[in-house]
Amino acid sequence: MSQPLAERLRPRTLDEYIGQKHLVGEGAVLRKMIDAGRVPSFILWGPPGVGKTTLAQIIANKLATPFYTLSAVTSGVKDVREVIDKAGRGRFFNEASPILFIDEIHRFSKSQQDSLLGAVEKGVITLIGATTENPSFEVIRPLLSRCQLYVLKPLEPDDMLELLNRAITKDVELCKRSIELKETGAMLRYGGGDARKLLNILELVVEASPAGEPVVITDELVVSRLQQNPLAYDKDGEMHYDIISAFIKSIRGSDPDAALYWLARMIEGGEDPKFIARRLVISAAEDIGLANPNALLLANAAFDAVTKIGWPEGRIPLAEATVYLATSAKSNSAYLGIDAALELVRRTGNQPVPLHLRNAPTKLMKDLGYHDGYKYPHDYPGHFIPQQYLPDALADERLWHGQHNPHEDKLCQRMVDCWGDKFKD
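Residues numbered from 1 in each chain as written. Predicted model: local features only at pLDDT ≥ 70, side-chain atom pairs only at ≥ 80, totals over all residues. Heavy atoms only, no water.

### Section: the pairing of strand E1 (residues 42-45)
Working step 1: Side chains of E1 alternate between two faces, with Phe42 and Leu44 and Ile43 and Trp45 buried alike.
Working step 2: In terms of strand pairing, E1 meets strand E4 (residues 126-131) through four bridges, oriented parallel. Across the sheet, residue Phe42 finds its bridge partner in E4, namely Ile128.
Working step 3: Where E1 meets strand E5 (residues 148-151), four bridges bridge the pair, whose relative direction is parallel. Within E5, the position partnered with Leu44 by the bridge is Tyr150. (Buried < 20%, exposed > 50% of the residue type's maximum accessible area, 1.4 Å probe, protein only. Helix = DSSP H or I, 4+ residues; strand = E, 2+ residues; numbered from the N terminus. Pairing = 2+ DSSP bridges.)

Below you can see the structure in the form of structure tokens.
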């Protein structure tokens, strides 16, 4: 049975390797180390289909060193130790360390990753890990500190076109067919920067065409063959967090167009509407805050609405809340205030409550001075009377600082009217 096209076209040398010029192009950092014959342990982080496994195999071939492969999905600590022991016994003095390639290293448990530390540190093996997830969260710090980190990017459109042309002109099977790339927009869109996915699409389209007839690839033909959502969106992966981050930052930056774009990306990708709504509620409290308290009410109403109606109508209240938050005045004074208060509590510990603020439901408590001297604000003009509310040791602390916007200016002025210079910033 013939190998899949992606496997048949797997590059064997750096000259055949497409993409990642920032790492392996002429004069790039990884290319220099490979050409010098020595590479450190490193982790390749990037989306699927951008050449992580291929690059590791090319490096092993170039360095002419033993190459061991483990999959984090199927291997345990015992497998890791066996490979390390085998690599150590088979290595000769002054030779480059054998390479251990671990695919999906983010799936290794802490104990599995711990089992690599000694061999990596002593140079028994050169570790090359591949991951689609952020290593900061998925790889233990001791191992990450012993490895370089290289980020691989989705293939650029020019890289994808080069790959397509190489496939139809160099592949032993496709060369037997007459193939014309009349239109490539749909293939590039469906491919999404993933070389493996792109080649699988090409192979599917060609194989679905009548044998012996020319294959003229058009966008319409590709769409009809695939009939799927062309957007890459992994609700459990890195892109999930990147897009919600871009969404929130666009709201915070008062750009309704960008915020709506990222909202649309999540909707088209099938994101949970309640996840989006929760983030809107957080944004309303954190980024709009006291500059426009109605924002929190509207965001909460949007959350309630999408919980009741779901997709597709849920896009409307979400869009309404998104535009309202993005165009609203911004303030993070409450957010900064609570963080300052938490820091103060952690730094100063459990300070006692002043006696006059304590309730006195029993005679003993009254005799001990509980509640003594407390002034009931509603008994005074303007419903305010100055008195100490913070613990004695913290009486002069300031935690909330109003910011300059129409709503908070009024709040700040009231505080100055009540407390005088204490609330003058």
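Having seen the structure, we can now continue with the description.
### With respect to the sheet that holds strand E2 (residues 67-71)
Working step 1: Here five strands make up an open sheet; going across it, the order is E2-E3-E4-E1-E5 and the pairing parallel. The open sheet has two edge strands, E2 and E5, and neither has a second partner. For this sheet the average axis-to-axis angle between neighbouring strands, irrespective of direction, equals 20°. (Axes fitted to C-alpha atoms, helices over the stretch in contact; angles between N-to-C directions.)

### So, the packing of helix H3 (residues 29-36) against helix H4 (residues 52-63)
Working step 1: Taken N-terminus to C-terminus, the directions of H3 and H4 make an angle of 30°; their axes are 9 Å apart at the nearest point. Judged on the interaxial angle alone, H4 and H3 are roughly parallel. Across the interface between the two elements, Leu30, Ile34 and Asp35 of H3 pack against Leu55, Ile59, Lys62 and Leu63 of H4.
Working step 2: A per-class count over the contact of H3 with H4 returns five nonpolar, no polar and two charged. (Parallel < 35°, antiparallel > 145°, perpendicular 65-115°, else oblique. Contact = heavy atoms within 4.5 Å. Nonpolar A, V, L, I, M, F, W, Y, C, P; charged D, E, K, R; others polar.)

### Focus: the pattern of salt bridges
Working step 1: Under the counting rule described, the total for this entry stands at 17 salt bridges.
Working step 2: Close ionic contact of Asp171 with Arg8 constitutes a salt bridge, the shortest N to O distance being 2.7 Å. Here the residue Asp171 occupies a position in the loop between helix H9 (157-170) and strand E6 (179-181), and Arg8 occupies one in helix H1 (residues 5-8), the gap between them amounting to 163 residues. Per residue, the accessibility class of Asp171 equals that of Arg8, and both read buried.
Working step 3: With a shortest N-O distance of 2.8 Å, Asp287 and Arg252 are connected by a salt bridge. With Asp287 in helix H15 (residues 273-288) and Arg252 in helix H13 (residues 238-252), this residue pair connects regions lying 35 residues apart in the sequence.
Working step 4: You can call Asp287 buried: its relative accessible area is 7%.
Working step 5: A single salt-bridge network, built from bridges that share partners, covers Asp15, Glu26, Arg31 and Asp35. (Salt bridge = Lys/Arg side-chain N within 4 Å of Asp/Glu carboxyl O.)

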